[in-house]
Amino acid sequence: MNPQDPLAQLRDIHLPPPIGWWPPAPGWWLLALLLLGSLSLLVWWLLKRHRHNRYRREALSALSSLGSALSGQSLALCQEILALLRRTARTAYPGAGIEAELIPRLLQRLNQGCRKPPFGQTLQEQLRDIPYQATPDIPEQLLHELQSGAQYWIKRHRRGMPC
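Let me sum up the structure you'll find in this document. Just so it is clear, the model here is predicted, and its values are computed rather than measured. (Residues numbered from 1 in each chain as written. Predicted model: local features only at pLDDT ≥ 70, side-chain atom pairs only at ≥ 80, totals over all residues. Heavy atoms only, no water.)

### Brief notes about the environment of T91
- With respect to the helices, strands and loops of the structure, T91 is situated in helix α3 (residues 74-92).
- Residues T91 and Y55, 36 residues apart in the sequence, show an inter-C-alpha distance of 7.4 Å.
- The residues touching T91, leaving out its near neighbours within four places in the chain, are Y55 and R159. (Helix = DSSP H or I, 4+ residues; strand = E, 2+ residues; numbered from the N terminus. Contact = heavy atoms within 4.5 Å.)

### Some remarks on the side chain of H157
- Mapped onto the elements of the fold, H157 is located in the segment after α6 (140-156).
- One polar contact links H157 to Y55, side chain to side chain, over a distance of 2.6 Å. (Polar contact = N/O pair within 3.5 Å; in protein donor to acceptor, adjacent residues only side chain to side chain.)

### Concerning the packing of aromatic side chains
- Scanning the model with the defined rule gives three aromatic pairs in all.
- Between Y93 and W153, the aromatic rings sit 6.3 Å apart at their centres with planes inclined by 65°, giving edge-to-face as the arrangement. One end of the pair, Y93, is in the loop between α3 and α4 (103-111); the other, W153, is in helix α6, and 60 residues separate them in sequence.
- Owing to a relative accessible area of 4%, Y93 belongs among the buried residues under this scheme.
- For W153, a relative accessible area of 0% gives the class buried.
- By the ring-pair criterion, three or more aromatic residues cluster together here, those being W21, W22 and W29. (Phe/Tyr/Trp six-rings, centres within 6.5 Å; stacked < 30°, edge-to-face > 60°. Buried < 20%, exposed > 50% of the residue type's maximum accessible area, 1.4 Å probe, protein only.)

### Side note on the packing of helix α1 (residues 26-52) against helix α2 (residues 54-69)
- Closest axis-to-axis distance for the α1/α2 pair is 4 Å, and the angle between their directions is 40°. One finds that α1 runs oblique with respect to α2. Residues H50, R51 and H52 of α1 form the contact with α2, whose own contacting residues are R54, Y55 and R57. (Axes fitted to C-alpha atoms, helices over the stretch in contact; angles between N-to-C directions. Parallel < 35°, antiparallel > 145°, perpendicular 65-115°, else oblique.)

### Let's talk about α6
- An ideal rise of 1.5 Å per residue puts 24 Å on 17 residues; α6 measures up with 24 Å between its terminal C-alpha atoms.
- Every buried residue belonging to α6 is among L142, L143, L146, G149, A150, W153 and I154, and all of these are buried. Along α6, the residues classed as buried sweep out an arc of 135° about the axis, all on the same side. Among the exposed residues of α6, those oriented more than 90 degrees off its buried face are E140, Q141, H144 and R156.
- Residues of α6 that are buried make contact with α2, α3, α4 and α5 (121-129). (Expected span 1.5 Å × (residues − 1). Arc of directions from axis to C-beta.)

### As for the pattern of salt bridges
- One pass over the full model with this rule turns up three salt bridges.
- Of the charged contacts, one joins E58 and R54 as a salt bridge, the two residues approaching to 2.9 Å between their closest N and O atoms. Of this pair, E58 and R54 both sit in helix α2, four residues apart, roughly one helical turn.
- Residue D129 pairs with R128 through a salt bridge whose shortest N-O separation is 3.8 Å.
- Taking relative accessible area as the criterion, R128 reaches 41% and is therefore assigned partly exposed. (Salt bridge = Lys/Arg side-chain N within 4 Å of Asp/Glu carboxyl O.)

### A short note on unusual backbone geometry
- Going from W22 to P23, the amide bond is cis rather than trans, its omega being 0°.
- In this structure, P23 sits in the segment before α1.

### Focus: the nonpolar core
- Counting 31 residues, the largest nonpolar core has I81, L85, L110, F119, L127, L146 and W153 as the members making the most contacts within it.
- Mapped onto this core, the elements with two or more residues apiece are α2, α3, α4, α5 and α6.
- Here the element with the most residues in this core is α3; it accounts for eight residues.
- Excluding its chain neighbours within four sequence positions, the residues that come into contact with L146 are C78, I81, L82, F119, L123 and L127. (Core = buried A, V, L, I, M, F, W, Y, C linked by side-chain atoms within 4.5 Å.)

Here you go:
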């Protein structure tokens, strides 16, 4: 080493320590708050929707248990399905008075709540006279159509329909 050489007295360049990951930049804090807020809104909405559709789940469960409990009794099954539809309509459309309607008018108003009407005109006509017969004969095809229409309506109807 030459004592006359001033460059020989210099030390190597020292780099600063690497930047740590904590604390994050303000943009990351903002992103975390937005994600947390949107996640909590999503959970709140899902819980509200779950509670809001509870009556549908209970009605579908009751409808499936009716089919197995009253399999040989066609009149009782028909009456119970219609009673279930009335109870579900009272819950779905409170204050509309839809549950007090006669069977054909009830089914017409329930059809208004779906995009695709589940209860056909022939079903409405056949069910119109059944309560007034002494010994009604209800065909299996009618019961199946009523049960599948009720299941479709319970699953797909819109709440708050204009009545």
